[in-house]
Amino acid sequence: MRTRTRSSRRALVTTLTALATAATATLTTAAATAAPDRAAACSGYVGLTFDDGPSGNTTKLLDALRRNGLRATMFNQGQYAAANPALVRAQVAAGMWVANHSYTHPHLTQLSQAQIDSEISRTQQAVANAGGGTPKLFRPPYGETNATVRSVAARYGLTEIIWNVDSQDWNGASTDAIVQSVGRLTNGQVILMHDWPANTLAAVPRIAQSLTARGLCAGMISPQTGRAVAPG
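This write-up is about the structure you can find in this document.

Definitions and limits used
- The numbering scheme is per chain: residues are counted from 1 as the chain's sequence reads.
- Residue-level local features of this predicted model are given only where pLDDT is at least 70; pairs of side-chain atoms are given and counted only at 80 or more, and the full residue set underlies all totals for whole chains, interfaces and linings.
- Hydrogens are left out, water is left out, and the side-chain values use all remaining heavy atoms of the structure.
- Only protein chains enter the area calculation, which uses a 1.4 Å probe; residues under 20% of their type maximum are buried, those over 50% are exposed, and those in between are partly exposed.
- Secondary structure elements follow DSSP: runs of H or I no shorter than four residues count as helices, runs of E no shorter than two count as strands, and numbering proceeds from the N terminus.
- Here, strands pair whenever DSSP counts at least two bridges between them.
- We call a crossover right-handed when, viewed with both strands directed away from the observer, the connection leading from the first strand over the helix to the second proceeds clockwise.
- The working definition used for a salt bridge is a side-chain nitrogen of Lys or Arg within 4 Å of a carboxyl oxygen of Asp or Glu.
- Any two residues whose heavy atoms approach within 4.5 Å are treated as being in contact.

1. A closer look at the pairing of strand β7 (residues 190-194)
- A large share of β7 lies buried, amounting to five of its five residues.
- Across the two faces of β7 the burial is the same, with V190, L192 and H194 and I191 and M193 all buried.
- Bridging between strand β1 (residues 44-53) and β7 involves five bridges; their strand directions are parallel. Counted as the bridge partner of T49 is L192 from β7.
- The pairing of strand β6 (residues 165-166) with β7 spans two bridges and is parallel. Bridge pairing links D166 to L192 in β7.
- Read as a crossover between parallel neighbours, the route from β6 over helix α7 (residues 175-182) to β7 is right-handed.

Here it is, written out as C-alpha cells:
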C-alpha cells in the first residue's frame, strides 16, 4: 500500500513538473512573438512634452497618459518640484521622464550668467531631491536661448530641447486644435504642451488614437540628438 502511494505521488510530481515546463515554454514563446509585433507597430517615435509642472493637474494628466499607453517628458519647474516632491515621484512611477525647465520660469536671456546658473542648478537639485533623478534635458522658458544659456546648461550635462510643433495649448487652443497639432508631428519630432490646460488633458485619448493611426509611438528624447527615439 505504501509503495503504491509513493509511486502515485512520484507520478503526480512528474506530471505537475511537465505541465509547468510546458506552460513556461508557451508563455516564453508568446512573449517572444508579441514583442516583434509591438515593435513593428511603431514606424517612428515622437516626443510628447509637458511644461510647467508639477501642478494640481498632474495626477489627472498622468492617469490619462497611463490609460492611453503614452509616455512623455515632463519639463518641471524647480520651484514646483521642490514644493510637490510626491508628484515628481508619481511622474517617474508612471513611466515619464523628468527634465529641467528652470526654477522660476524667467526670461533667461535677460539674466546674468550667475542668475542663469542659479535657475538651472537649483532645478537640477530640486528634481533630484524629489526623486526624479538627475535631469539630462533642459528647456528654456518661452524657448528663449542664447550662447550663454546653452553654455550654462552644458555645464550641468544638459541638452537643450526646444520643439518642432507648438500645440498652442498655453494660448487657449481647443482640444480639436491640440489633436490636430499632434497630427503634424513626424518621426523624431517634439511637440510642446503644458501640464495645466484642461483642453490638453481632454485631448490625451485622441492624441493616442492619432499616433496609432499613423504608426507612431510616444518615445523618449535622446540627450545625444535631441530627437525622439524608442524608449531605452
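2. A short note on the pattern of salt bridges
- In the structure shown here, the tally under the stated rule is five salt bridges.
- Its salt-bridge partner being D63, residue R66 comes within 2.7 Å of it at the nearest N-O pair. Separated by three residues within a single helix, R66 and D63 lie in helix α2 (residues 58-67), roughly one turn from each other.

3. Thoughts on the environment of R89
- Of note, R89 is situated in helix α4 (residues 85-93).
- The class for R89 is partly exposed, based on a relative accessible area of 44%.
- In the structure, R89 is positioned 38 residues away from V127 in sequence and 9.4 Å away in space, judged by C-alpha atoms.
- Apart from residues no more than four positions distant in its own chain, R89 is found in contact with A130 and G131.

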